[in-house]
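Chain by chain, the residues run as shown.
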Amino acid sequence: SAMKMLEEKALVKVILQLKQPVLGICLGMQLLCSSSEEGNTEGIGVFDVKIKRFSNQVKVPQMGWNTIYNLQSPLFDGITQNEYMYLV
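Here the structure is a predicted model, which means the values were calculated and not measured.

### What about the layout of surface pockets?
Right, on to step 1. Approximately 1,400 Å³ is the volume found for the largest pocket.
Right, on to step 2. Lining the largest pocket we find 33 residues, and of these Gly24, Ile25, Cys26, Met29 and Leu87 sit closest to its centre.
Right, on to step 3. Elements represented by at least two residues in the lining of the largest pocket include exactly helix H3 (27-32), strand S3 (47-51), strand S4 (64-68) and strand S5 (83-87).
Right, on to step 4. Residues belonging to the lining of the largest pocket are distributed by class as follows: 23 nonpolar, seven polar and three charged.
Right, on to step 5. Size it by volume and the second largest pocket reaches roughly 190 Å³.
Right, on to step 6. Looking at the second largest pocket, the residues that line it are Ser1, Ala2, Met3, Leu27, Gln30, Leu31, Ser35, Ser36, Glu38, Thr41, Glu42 and Gly43.
Right, on to step 7. Every element with two or more residues in the lining of the second largest pocket is listed here: helix H1 (2-8), H3, strand S1 (33-36) and strand S2 (41-42).
Right, on to step 8. Of the residues belonging to the lining of the second largest pocket, the class tally is four nonpolar, six polar and two charged.

### Some thoughts on the environment of Leu87
Right, on to step 1. Within the element layout of this structure, Leu87 appears in strand S5.
Right, on to step 2. Leu87 gets classed as partly exposed once you look at its relative accessible area, which sits at 33%.
Right, on to step 3. C-alpha separation for the pair Leu87 and Gln72, spaced 15 residues apart in sequence, amounts to 18 Å.
Right, on to step 4. Ignoring sequence-local partners within four residues, the contact set of Leu87 consists of Gln62, Met63, Gly64 and Asn66.

### Regarding the sheet that holds S3
Right, on to step 1. Spatially, three strands are ordered S2-S1-S3 in an open sheet, and the strand pairing comes out mixed. The sheet terminates laterally at S2 and S3, the two strands that pair on one side only.
Right, on to step 2. One ladder, built from three bridges, connects S1 with S3; its direction is parallel. Within the sheet, the bridge partner assigned to Ser36 lies in S3 and is Ile51.

### A closer look at the nonpolar core
Right, on to step 1. One finds Met3, Leu6, Val12, Leu31, Leu32 and Ile44 forming the largest nonpolar core, which totals six residues.
Right, on to step 2. Those elements giving two or more residues to this core turn out to be H1 and H3.
Right, on to step 3. Other than its neighbours up to four places away in sequence, Met3 contacts Val12, Leu31, Thr41, Glu42, Gly43 and Ile44.

### A closer look at the packing of aromatic side chains
Right, on to step 1. On inspection of all chains with the given rule, the structure shows one aromatic pair.
Right, on to step 2. Geometrically, the ring pair formed by Trp65 and Tyr86 is edge-to-face, given 5.4 Å between the ring centres and 70° between the ring planes. Placement of Trp65 in strand S4 and of Tyr86 in strand S5 is noted, with a sequence separation of 21 residues between them.
Right, on to step 3. Judged by relative accessible area, which is 46%, Tyr86 ranks as partly exposed.

About the thresholds
Residues numbered from 1 in each chain as written. Predicted model: local features only at pLDDT ≥ 70, side-chain atom pairs only at ≥ 80, totals over all residues. Heavy atoms only, no water. 1 Å grid on protein atoms, 1.4 Å probe; cavity = no way out; pocket = protein on both sides within 12 Å on 5 of 7 lines; lining within 4 Å. Points joined across faces, edges and corners; volume = space filled by probe spheres on them. Helix = DSSP H or I, 4+ residues; strand = E, 2+ residues; numbered from the N terminus. Nonpolar A, V, L, I, M, F, W, Y, C, P; charged D, E, K, R; others polar. Buried < 20%, exposed > 50% of the residue type's maximum accessible area, 1.4 Å probe, protein only. Contact = heavy atoms within 4.5 Å. Pairing = 2+ DSSP bridges. Core = buried A, V, L, I, M, F, W, Y, C linked by side-chain atoms within 4.5 Å. Phe/Tyr/Trp six-rings, centres within 6.5 Å; stacked < 30°, edge-to-face > 60°.

Right under this line is the structure:
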């Protein structure tokens, strides 16, 4: 339904033409990828990545305190590897 709305509002073309950095979290990141197993949906395709559905063995959504790692973006300046962060 989110991809359908982006297409109806002609926002896919706008997103593809953006020059500034964009932060996609959760659904936003999934929309930027090529496709998702959740609903077998084609995405915008900024990233050539296919989103895989979580197995039933993990809690979804996962909220709470987590350690974060592999911080390879200036977005995380001032945050250290394995620091605790509350994710919602």
